[in-house]
Amino acid sequence: MSKEEIGIAVQDTDNYVVFETIRKKGKSRTIQHPKDRHKEIHCRLANLLIKIKVPNYLHSGRKEHSYVTNANQHLGEKRVLTTDISAFFQSTARDNVFCFFLNIMKCSSDVADTLSHICTYNGHIPTGSKLSMPLAFWSNLRMFDQLEKLSIKHNVCMSVYVDDITFSGNSINRLFLSTVRKIITSNGHTIIPQQIQTRNQSNLIPN
């Protein structure tokens, strides 16, 4: 491996442009945007990942799908639970990325380790890469599949749009919410305060 390749694999400082943006309510967000050769690699990996077939519940990063199709899954339901994972990319650690390449993509351990370094910034998925969204989903597939199994068990509709997970159905109650929270926290994430809606209020579904 050349010095350039080693730098791409393990160095963060020279491979990213880091800056702050102002979000709603004046809150700032740190963006880590890959640059130069690092950006090319991220884009190439992203283009490969988006070709993999994804579960029907995912509405982000798919052709002919959007926040609108995500919301439409829950129209007419009387009970809707919305959850929002806090700092989703930042809380998706390099270990998650390593396990994705090792266990799902069936890479060798050394290749998975190198890719996990290339794809992360300071030990987590960067916030400003084309690769971030598809990689965050696949690196958290275990969590999403656990939530889907819970939903199927209780005849609940589930949809996912990046870090927003929405559930709807008559079986949604405080126990269902507690189980959702346990699944998410057991996978290394936390959720922003959520709410159970008792009327059809589609405008409250994340978009």
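What you see is a predicted model; the values in this text were computed from it and never measured. (Residues numbered from 1 in each chain as written. Predicted model: local features only at pLDDT ≥ 70, side-chain atom pairs only at ≥ 80, totals over all residues. Heavy atoms only, no water.)

K.L.:
Would you mind going over the overall build of the chain with me for this structure?
P.N.:
Across its full length, the chain carries 8 helices and 6 strands. Each helix (α) and strand (β) of the chain, taken in turn from the N terminus, gives the series α-β-β-α-α-β-α-α-α-α-β-β-α-β. By the burial criterion, 43% of the 207 residues in the chain qualify as buried. Taking all contacts inside the chain whose residues are at least 6 apart in sequence as the whole, residues at least 24 apart take part in 67%. By element, 50% of the accessible surface of the chain is carried by carbon and sulfur atoms, the whole surface being about 11500 Å². (Helix = DSSP H or I, 4+ residues; strand = E, 2+ residues; numbered from the N terminus. Buried < 20%, exposed > 50% of the residue type's maximum accessible area, 1.4 Å probe, protein only. Contact = heavy atoms within 4.5 Å. Areas by Shrake-Rupley, 256 points an atom, 1.4 Å probe, with all protein chains shown as cover.)

K.L.:
Sorry if this is basic, but what is going on with the packing of aromatic side chains here?
P.N.:
The geometry of an aromatic ring pair comes down to the distance between the two centres and the angle between the two planes. By the definition in use, this model includes 9 aromatic pairs. Arranged with centres 6.2 Å apart and planes meeting at 75°, the rings of Phe88 and Phe144 form a pair that is edge-to-face. Of this pair, Phe88 sits in the loop between β3 (80-85) and α4 (94-104) while Phe144 sits in helix α7 (residues 141-153), placing them 56 residues apart in sequence. For the pair Phe88 and Phe144, a shared accessibility class is recorded, and that class is buried. Ring geometry for Phe167 versus Phe176: centroids 5.4 Å apart, planes at 80°, classification edge-to-face. Residues Phe167 and Phe176 agree in their burial class; the two are buried. Ring-pair connections join several aromatic residues into one group, and the members of that group are Tyr57, Phe88, Phe89, Phe100, Phe101, Phe137, Trp138 and Phe144. (Phe/Tyr/Trp six-rings, centres within 6.5 Å; stacked < 30°, edge-to-face > 60°.)

K.L.:
Can you help me understand the pairing of strand β4 (residues 157-161) in this one?
P.N.:
Two faces belong to every sheet, and in a regular strand the side chains alternate between them. Note that β4 and strand β5 (residues 164-168) share 5 bridges and pair antiparallel. Its bridge partner being in β5, Met158 is matched across the sheet by Phe167. Where β4 hands over to β5, the hairpin turn is made up of 2 residues, of which Val162 adopts a positive phi near 60°. (Pairing = 2+ DSSP bridges.)

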